[in-house]
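# Fold and contact review
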Amino acid sequence: MISVQNLTKYYGTSLAVDNISFDIAKGTVVGFLGPNGAGKSTTVRIITCYLAPTSGTVQVDDNDVMTESLEVRKKIGYLPESAPLYYDMNVVDHIKFVQSMRLGSAVSNGHRIKEVIDICGLGDVVRKNVAELSKGYRQRLGLAQALVHDPEILILDEPTVGLDPNQIIEIRNLITELGKEKTIILCSHILPEVEATCGRVLIINEGKIVADGTPTELQSSFEGKGRIIIQAKNNLDQFIEKSTQIAGIERIVNTRIITENLKEIDFETIKGIDPREDIFKLCIENQTVLLEMKREETSLEDIFRQLTGKEQLQ
Amino acid sequence: MNQILVLAKKEFRSYFDSPVAYVVITLFLIIAGWQFSSTMFLNNTADLRSLFSITKFILLFFIPAVSMRLFSEEKRGGTLEILMTLPVKDWKLVLGKFLAAYALILVTLVLTGIHYISISSMGDPDFGASMGGYIGLALVVGVYLSIGIFTSSLTENQIIAFIMAFVIIFIFFMLDKLVFLMPGFLANILEFLSIDYHYNNISRGVIDSRNLIYYFSMIFMFLFLTVQVLESRKWK
């Protein structure tokens, strides 16, 4: 449905998007994940025909964004970053305006307007001016104007920035709901959001795609360095010394003193080996009291940090 | 076509939803009315000539004030991104905004018609000359506005858009007042480029195609440049 081939974008001399290619199938919800300035917004601005690529092609349903821009724009609903809106209009007029511009007719389709007001939960504020709306309602209105023509493709650039936790959940549920019928691109630097809503994740860093797959695929391919965190007391110095000899333990990342003889020890483990049993045995051997032991799996967050953080640059 | 009108309607309304329209209309009518009526009895003629020459001058300030927000505001607020990702051609957006601002100024000009009524009660003004004056003014407004919308597309700062528009309009306004300093061939060119030179012809009631071509090509050129500026975001 969306096909991006060798897309490159320079702003003057600075490179924003560096030769990326990917395809998005119809009906998938794709998360664009990346730190700020990674090139997510630039990429979606090219797909939505706001900017032109320096080189490479972008096609939406076989329509090229440069040569058949109007066709592409008809198919896409777009919520730009930070939901820009006309502050001097009221909610219903705003939706009407966008709809009329899309239809090319002053006569509006009231039925559809009512529908998007319902979908986006704007019922309480229809007559309010945009300037008076809270951030949450502005995001919803941004979403409503993107949905008003019932587009096949929905592109949302950081739709939950600045919202409170309840509003974030609401927007996420809404995206999941819409994702059942539509192709969605969701840009975000918030991992749980992408994890919760997207069937596929593209991690972008410094203009390049550094990972591509379902959240579980990414997790399993990057799994390896797991973590085991224990809380224990008694004979700890001895225990720590011996513990590094257990097969499967790579190193001790951190020891934290909780009370005088109670410590929290953070182990890094080698891929594929689960040393929990050995740790338990060592405790008994050493007469160390084990109060808590938990294993942490690589989360999408760790992968994200690995791929986009400074560690990778070194 | 309809997309142009939808946008024009929205822009026109937003002038009236903010204080812009009221301030512009009120101030304009006060200044024009005061200047006109204070000299009317000195001239002792029942015509609108002095009204028109004042209006031309006041518009020098008012039109950049009306046009400065058209694209600058959208650029600063980020709404340009919404507008330009709608399935609408760029020239339609430019034309829609141009028409909205044009309509606001025309409303203001129509309201100055009250002066025609008041002098009609005192004398016998020449209707044809007055109409000619108004038509000329409307064309001048078009040129001023197209320059204003052009500078508005260049910057996200409304003040800068205002100043640039004022300077460009002022240059075109002053051209024919400087010709006496110039050698002959240059004088002719400058005179032809001057907004006022063509206005003076029309306001005499002589509507020559040369004058119309001048106005329409000026308007077209600046609107065309505006479209180019908007499309420059798509330059590679």
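Heads up: these notes are all about the structure in this document.

A few words on unusual backbone geometry. Glycine aside, the phi torsion of most residues is negative, and most peptide linkages are trans. Residue and element names in this part refer to chain A. For N6, which is not a glycine, the phi torsion comes out positive at approximately 45 degrees. Residue class for N6 comes out partly exposed when judged on its relative accessible area of 41%. Unusually for a residue other than glycine, S82 sits at a positive phi of about 60 degrees. Turning to its location among the elements, S82 is positioned in the loop between strand 6 (76–79) and helix 3 (91–103).

In a beta sheet, neighbouring strands pair by backbone hydrogen bonds and run either parallel or antiparallel. All names here are of chain A. The sheet built from 4 strands is open, its strands ordered 2-1-4-5 with antiparallel pairing. The open sheet has two free edges, formed respectively by strand 2 (14–24) and strand 5 (63–64), since each of these has just one partner strand. Strands in contact with helix 1 (residues 40–47) are strand 1 (2–11), strand 2 and strand 4 (55–60); relative to strand 1, the strand with the most contacts, it is inclined by about 120 degrees.

Here we come to the pattern of salt bridges. All names here are of chain B. Throughout the structure, instances matching the rule amount to 27 salt bridges over all chains. A salt bridge links R76 to E156, with the nearest nitrogen and oxygen atoms 3.7 Å apart. One end of the pair, R76, is in helix 4 (residues 69–77); the other, E156, is in the loop between helix 8 (127–154) and helix 9 (158–174), with 80 residues separating them in the sequence. For E156, a relative accessible area of 42% corresponds to the partly exposed category. The closest approach of N and O atoms between D196 and K177, which form a salt bridge, is 2.7 Å. Placement of the pair is D196 in helix 11 (residues 195–203) and K177 in the loop between helix 9 and helix 10 (184–193), with a sequence separation of 19 residues. Exposure remark for D196: the relative accessible area of 6% places this residue in the buried category. Take K177: its relative accessible area is 30%, and that puts it in the partly exposed class. Among the ionic contacts, a cluster of salt bridges with common partners joins K10, E11, R69, E73, E74 and K97.

Thresholds applied
Residues numbered from 1 in each chain as written. Chains lettered and ligands numbered in written order. Predicted model: local features only at pLDDT ≥ 70, side-chain atom pairs only at ≥ 80, totals over all residues. Heavy atoms only, no water. Buried < 20%, exposed > 50% of the residue type's maximum accessible area, 1.4 Å probe, protein only. Helix = DSSP H or I, 4+ residues; strand = E, 2+ residues; numbered from the N terminus. Pairing = 2+ DSSP bridges. Contact = heavy atoms within 4.5 Å. Axes fitted to C-alpha atoms, helices over the stretch in contact; angles between N-to-C directions. Salt bridge = Lys/Arg side-chain N within 4 Å of Asp/Glu carboxyl O.

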